Amino acid sequence: MDCRSDDSIKNYVNDNMEEAIILLETLGKIPAPSNHEKKRAEFCKEWFVNQGAEKVYIDDALNVICEIGCEEHGDIVVFMAHTDVVFPDNQELQMKREGNILYAPGIGDDTANLINLMMGTKYFLKNKVATKKGILIVANSGEEGMGNLKGCKEIFKNYGSRIKEVYSFDCYLGNVSRIQ
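A few points on the structure. Because the structure is a prediction, the values reported are computed rather than measured. (Residues numbered from 1 in each chain as written. Predicted model: local features only at pLDDT ≥ 70, side-chain atom pairs only at ≥ 80, totals over all residues. Heavy atoms only, no water.)

### Examining a nonpolar patch on the surface
Okay, step 1: A surface patch of nonpolar side chains, amounting to about 240 Å² of accessible area, comprises Ile 9, Val 13 and Met 17.
Okay, step 2: With respect to the secondary-structure elements, Met 17 resides in helix 2 (residues 17-28). (Patch = residues over 30% accessible without salt bridge, like charges linked within 9 Å, V, L, I, M, F, W, Y side chains within 5 Å. Areas by Shrake-Rupley, 256 points an atom, 1.4 Å probe, with all protein chains shown as cover. Salt bridge = Lys/Arg side-chain N within 4 Å of Asp/Glu carboxyl O. Helix = DSSP H or I, 4+ residues; strand = E, 2+ residues; numbered from the N terminus.)

Spelled out as structure tokens, the structure:
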């Protein structure tokens, strides 16, 4: 499927906006201070499986890894957004919605980007998009503060020279970093 030849992506975004908002509200309430992301990791893993992902697991660093075509292709492209937040809460995070704005600890950095990554993965899985490289979707851990990038380091340790590009969805919605 060539997704660029039609409006399928725009239609998908518009048709699934409410689902993305509900997902953001749900995930945004799950506490995930650095080095304590287990609850969010388990939620993300289950969500990916429910979308039809076949190879999803949580690694030793608490990264949620969804492999797509990694067995067929030697080269891998990584797309990641982090699960942890800087707030030390271990109880459900408080959230307030005013119109189209959600207020919650860590909702902009990085939960909203994680939702975008998850919803993009859902599109990818449902449309069985063919790739020339393996795709590694990562809800990575330990990005904030004392997490010391432990999740990202674990990805490079485990996939090493197979990684050809990394796209990190981080900070606010308009920011994506690419490492090549």
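### Observations concerning helix 2
Each α-helix turn comprises 3.6 residues. Residues three or four places apart therefore point the same way.
Okay, step 1: Under the 1.5 Å per step criterion, the end-to-end length of helix 2 is 16 Å for 12 residues, consistent within 8% with the ideal 16 Å.
Okay, step 2: Taken as a whole, helix 2 has its buried residues at Ala 20, Leu 23, Leu 24, Glu 25, Leu 27 and Gly 28. (Expected span 1.5 Å × (residues − 1). Buried < 20%, exposed > 50% of the residue type's maximum accessible area, 1.4 Å probe, protein only.)

### Brief notes about the pattern of salt bridges
Okay, step 1: Applying the stated criterion across every chain, the model contains 9 salt bridges.
Okay, step 2: For Lys 38, the salt bridge is made with Glu 42, and the minimal N-O distance between the two is 3.9 Å. Placement of the pair is Lys 38 and Glu 42 together in helix 3 (residues 38-50), with a separation of 4 residues, close to one helical turn.
Okay, step 3: Between Lys 55 and Glu 71 there is a salt bridge; the shortest N-O distance is 3.6 Å. Linking Lys 55 in strand 1 (residues 55-58) with Glu 71 in the loop between strand 2 (64-68) and strand 3 (76-82), this pair joins segments that are 16 residues apart in sequence.
Okay, step 4: Put simply, Lys 55, Glu 67 and Glu 71 are held in one network by salt bridges that share partners.

### Some words on unusual backbone geometry
Okay, step 1: In the segment running from Asp 109 into Asp 110, the intervening peptide bond is cis, with an omega of 25°.
Okay, step 2: Positionally, Asp 110 belongs in helix 4 (residues 107-126).
Okay, step 3: One non-glycine residue, Asn 148, lies in the positive phi region at around 55°.
Okay, step 4: Inspection of the secondary structure assignment puts Asn 148 in the loop between strand 6 (134-140) and helix 5 (150-159).
Okay, step 5: Even without glycine at this site, Leu 149 takes up a positive phi of about 60°.

The values are spatial; any link to function lies outside them.
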